[in-house]
Amino acid sequence: MERLQKVIARAGISSRRKAEELIKEGRVKVNGKVVTELGVKVSPSDKVEVNEVPLEKEVPVYFLLYKPRGVISSVSDEKGRKVVTDFFPAIKERIFPVGRLDYDTSGLLLLTNDGEFANLLMHPKNEIEKVYVAKVKGLPLRENLKKLEKGIRLEDGKTAPAKVKLLSTDKKKQTSIVEIIIHEGKNRQVRRMFEAIGHEVLKLKRERYGFLTLTGLRAGEARELTTHEVKQIRALALDVSKRRKNS
């Protein structure tokens, strides 16, 4: 027996938190009866419906995609632009991206149909390290890079401390390559951080998510995560949350 919201999340319908809202709004039925209490548990034999649609029990799947630039981190786009799920035409499961990468940002993106897994990785308390490499306009001063390391104030709040490394500079072209490691997921965060210190981001790529990398993949290619990798990344998120709680 499992909690109803957990079953809904695992089916890829929504995050567990959103599933709780659906239950409280009376949009979930179990064996034909509306359920509005969050403590209800169900068994595999129970018939669960969300918005009058029976819950399909999909086997959870987990993928790592090397997202190219010019692709939307979504399952659909009203303007008809290419979306990340277009790279999985043979996948029958209803997968969705875990978090997002901007349209003009390339790099590592996870996709799954496991809502609980996605919610765990995206929860602010459980955010794990993400490594980005940015090509920026200008030659950043060390004192300005230190501002990013300490945390910089943006319009939606101050960022957490980051790890920053200047990889190279091109004085002729007046550009620089900078590695930045963050664990948050604010909208267009890395670009806005560099803009805050006066440097426009020309190119941005996410090269690592926790211990996961793009090794062996080219832009537009994907691979399925191994069972061990899924367990590892899940354990890593839980461990980060536990350490922060105890700090």
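Preceding this section is the structure that the text describes.
Okay, so let's go over this structure. For every chain, the first residue of its written sequence is number 1, and the numbers climb from 1 along that sequence. Per-residue local features of the predicted model are confined to residues with pLDDT of at least 70, and side-chain atom pairs are confined, for both listing and counting, to 80 or more; whole-chain, interface and lining totals are unaffected and use all residues. Just so you know, side-chain values use all the structure's heavy atoms and leave hydrogens and water out.

### Structural notes on unusual backbone geometry
One non-glycine residue, N31, lies in the positive phi region at around 55°. Numbering goes from the N terminus for both helices and strands, where a helix is a DSSP run of H or I of at least four residues and a strand is a run of E of at least two. For N31, the position within the fold is in the loop between β2 (28-30) and β3 (33-34). Three labels apply to residues, based on accessible area from a 1.4 Å probe with only protein chains included: buried if under 20% of the type maximum, exposed if over 50%, partly exposed otherwise in between. You can call N31 partly exposed: its relative accessible area is 46%. One non-glycine residue, N51, lies in positive phi territory at about 55°. Assessed through its relative accessible area of 39%, N51 is described here as partly exposed.

### A word on the nonpolar core
Note on terminology: a nonpolar core comprises buried Ala, Val, Leu, Ile, Met, Phe, Trp, Tyr and Cys residues joined through side-chain atoms within 4.5 Å. Counting residues in hydrophobic clusters, the biggest one holds 28 residues, and the most contacted among them are L148, I180, M193 and F194. Listing elements by their share of this core, those giving two or more residues are β7 (62-67), β9 (105-112), β10 (130-137), α4 (142-150), β14 (175-182), α5 (189-196) and β15 (201-209). Beyond its immediate stretch of four places on either side in the chain, L148 contacts A160, P161, A162, V164, I180, M193, F194 and I197. One finds L110, F117, L120 and L214 within the second-largest nonpolar core, a separate group that totals 20 residues. Any pair of residues with heavy atoms lying within 4.5 Å of one another is described as a contacting pair.

### Some points on the sheet that holds β3
Note: two strands are recorded as paired if DSSP finds a minimum of 2 bridges between them. Strands sit in the order β3-β2-β5-β6 across an open sheet of four strands; the sheet is antiparallel. Edge positions in the sheet fall to β3 and β6 (53-54), since each of these pairs with one other strand and no more. Bridge count for β2 against strand β5 (residues 48-50) is three bridges, and the pairing is antiparallel. Considered in β5, the bridge of K29 is made with E49.

### Digging into the side chain of S14
Looking at where S14 falls in the secondary structure, it is placed in the loop between α1 (4-10) and α2 (16-24). We classify S14 as buried; its relative accessible area is 12%. Definition of a polar contact: a pair of N or O atoms within 3.5 Å, with one able to donate and the other able to accept a hydrogen when the atoms are protein atoms, and with sequence-neighbouring residues admitted only if both atoms are side-chain atoms. A distance of 3.3 Å separates the side chain of S14 from the backbone nitrogen of A19, its partner in a polar contact. Apart from residues lying up to four places away in sequence, S14 is in contact with I8, A9, A19, L22 and G115.

### Quick word on α2
Along α2, the residues classified as buried are A19, L22 and I23. The arc that holds the buried residues of α2, viewed along the axis, is 100°, so those residues lie on one side. Those residues of α2 that are exposed and angled more than 90 degrees off the buried face are R17 and K24. Packed against the buried residues of α2 are α1, β2 and β5. G26 lies just past α2 and shows a positive phi near 75°. For this quantity, the arc is that covered by the directions from the helix axis to the C-beta atoms.

### Side note on the environment of K6
Locating K6 in the fold gives a position in helix α1. Each C-alpha atom, one on K6 and one on A19, is 7.9 Å from the other, the two residues being 13 residues apart in sequence.

### Description of the pattern of salt bridges
Salt bridges are defined by distance alone: a side-chain nitrogen of Lys or Arg within 4 Å of a carboxyl oxygen of Asp or Glu. Within this structure, the stated rule accounts for 19 salt bridges. Salt-bridge contacts for D102 lead to R100; the nearest nitrogen and oxygen are separated by 3.1 Å. Note on D102: relative accessible area 9%, which makes it buried. Here R100 falls in the partly exposed class, since its relative accessible area comes to 45%. For D156, the salt bridge is made with R192, and the minimal N-O distance between the two is 3.1 Å. Of the two residues, D156 is situated in the loop between β11 (153-154) and β12 (157-158) and R192 in helix α5; the sequence distance between them amounts to 36 residues. Taken together, the shared-partner salt bridges in this structure form one network comprising R100, D102, R188 and R191.

### A look at the layout of surface pockets
Taking a probe equal in size to a water molecule and rolling it over the atoms shows the remaining empty space. If you add up the space inside the largest pocket, you get close to 360 Å³. Method remark: on a 1 Å grid restricted to protein atoms, a set of points is classed as a cavity if a 1.4 Å probe fits but cannot get out and as a pocket if it is open with protein on both sides within 12 Å along at least five of seven lines; lining residues have an atom within 4 Å of a point. What lines the largest pocket is a set of 23 residues, among which R100, Y132, G185, K186 and R206 lie closest to the centre. Grid points are joined across faces, edges and corners, and a volume is the space filled by probe spheres set on the points. Taken as a whole, the second largest pocket holds about 240 Å³ of empty space. As for the second largest pocket, its lining consists of 14 residues, and the residues nearest its centre are E2, V7, R10, P44 and K57. Put simply, Ala, Val, Leu, Ile, Met, Phe, Trp, Tyr, Cys and Pro go in the nonpolar bin, Asp, Glu, Lys and Arg in the charged bin, and everything else, Gly too, in the polar bin. The class makeup of the residues in the lining of the second largest pocket is seven nonpolar, one polar and six charged.

### Some remarks on the packing of aromatic side chains
Aromatic rings from Phe, Tyr and Trp, taking only the six-membered ring of Trp, are treated as a pair when their centres fall within 6.5 Å; an angle between ring planes under 30 degrees marks them as stacked, one over 60 as edge-to-face, and anything in between as tilted. Inspection of every chain in the model, using the stated rule, returns two aromatic pairs. Summarising the aromatic geometry, the rings of F63 and F88 are spaced 5.1 Å apart at their centres and angled 55° between planes, so their arrangement reads as tilted. Separated by 25 residues along the polypeptide, F63 in strand β7 and F88 in the loop between β7 and β8 (96-97) bring together distant segments of the chain. This pair shows no difference in class: F63 is buried, exactly as F88 is. Both a distance and an angle decide whether a charge sits over a ring: NZ of Lys or CZ of Arg must be within 6 Å of the ring centre and within 35 degrees of the ring normal. Across the ring face of Y103, the terminal group of R81 is positioned such that the distance to the ring centre comes to 5.6 Å. Over the ring of F87 we find K82; its NZ or CZ atom is 4.9 Å from the centre of that ring.

As far as function goes, none of this settles anything; it's purely spatial.
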